[in-house]
Amino acid sequence: MTTTQRTFAHRIGYCIPCVVPADVLSADPVDKEDASSLRADASHDGLSYIQVTCMLEDGVYLAHVAASPDRAARGYTILLSEQQLYSALPWDHRLSRFLETKEDQSPQPGRILALLRACAAEVQPLVKLPAVSETVTPPQAIPAAAVAFEAKHAQTLEICAEDLQEVLGLSPTDIAKDTSSHITQKSTYRMQQAFLRAAIDTLMMQLYQGQERAYALTLKAKCALVARVQRWHRQTRQQVVNAALAFDGQKQRMTWQLTIGVPTVVGLIA
């Protein structure tokens, strides 16, 4: 007898704040100089809060994640597999009450984690697992000398300087004080990830503006490709974005002109 599939999209849907166990996020340090990790930055008391925006391909979703539910919509941009979303539950008053502090009750994140584990146990047998060959498994780091980029698949994109500022969590004063530093440190892990996240956000914004179907499919494919490059860069720490700061005279604003290289490895190119 065939069992009905209950994917995340069917169970919950998109753009709904959810909670997941923090251990679905990577605990690997950012780099040798920065011991922080995505799990440390985007979780609290063993919980992380996500907002899934769309399915990029079968079993792979684009999402934002943060350490609090009110910041999930503008948190770190990540890819999550169907398996990582087994335990996801919508964040509402039935769960939030376990984190309330009252005279006779202290916060109980453990109660929420128990519910998430129970949800995963219930959902897991009903969801079709992606094939091993699909791109849900993060790519492995490879030596810099072995990396090649496919010129014809390079992605060019313009992002607003203010959008990058928001991704970095900087105020206008910070940017004014440290403009030269940001321009000269474009190859750092933090800046490369910020460029990629801002690129994804820009593409998603264009997609949400209701483009005609053919162009919308092109945008979705481009977004999926940049998201894969972002994940690959998170694993390898190798520069993939070239960026040039420019002034848009028509819109009277500063912009970043991005050229995003696509490695000819780990199945990034369809």
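Residues numbered from 1 in each chain as written. Predicted model: local features only at pLDDT ≥ 70, side-chain atom pairs only at ≥ 80, totals over all residues. Heavy atoms only, no water.

**Notes on the nonpolar core**
- Core analysis: the biggest nonpolar cluster contains 34 residues, and L56, L62, I159, L164, F195 and L258 have the highest contact counts within it.
- Elements supplying a minimum of two residues to this core: β2 (47-57), β3 (60-66), β6 (155-160), α5 (161-168), α8 (189-208), α9 (213-236), β7 (241-248) and β8 (253-260).
- Of all the elements, α8 adds the most residues to this core, at 9 residues.
- For L56, the residues in contact, after removing those within four places along its chain, are Y61, L62, L79, K220, C223, A224 and A227.
- Counting residues in hydrophobic clusters, the runner-up holds 17 residues, among them F8, I12, A42 and I78. (Core = buried A, V, L, I, M, F, W, Y, C linked by side-chain atoms within 4.5 Å. Buried < 20%, exposed > 50% of the residue type's maximum accessible area, 1.4 Å probe, protein only. Helix = DSSP H or I, 4+ residues; strand = E, 2+ residues; numbered from the N terminus. Contact = heavy atoms within 4.5 Å.)

**Points about the confidence of the model for the protein**
- Put simply, the protein has an average pLDDT of 78, and 77% of its residues get 70 or more.
- Of the regions scoring below 50 in pLDDT, residues 129-146 engages in 30 contacts with residues more than four places distant in sequence or in other chains.
- Every residue in residues 174-181 scores below 50 in pLDDT, and together they form 2 contacts with partners more than four places removed in sequence or on other chains. (pLDDT = per-residue confidence, 0-100.)

**Things to note about the sheet that holds strand β4 (residues 76-81)**
- Strand order in the open sheet made by the 5 strands is β4-β3-β2-β1-β5, with antiparallel pairing throughout. Lying at the two open borders of the sheet, with one neighbouring strand each, are β4 and β5 (89-90).
- Pairing of strand β1 (residues 17-21) with β2, which is carried by 5 bridges, proceeds in the antiparallel orientation. The partner of V19 across the bridge, within β2, is Y49. (Pairing = 2+ DSSP bridges.)

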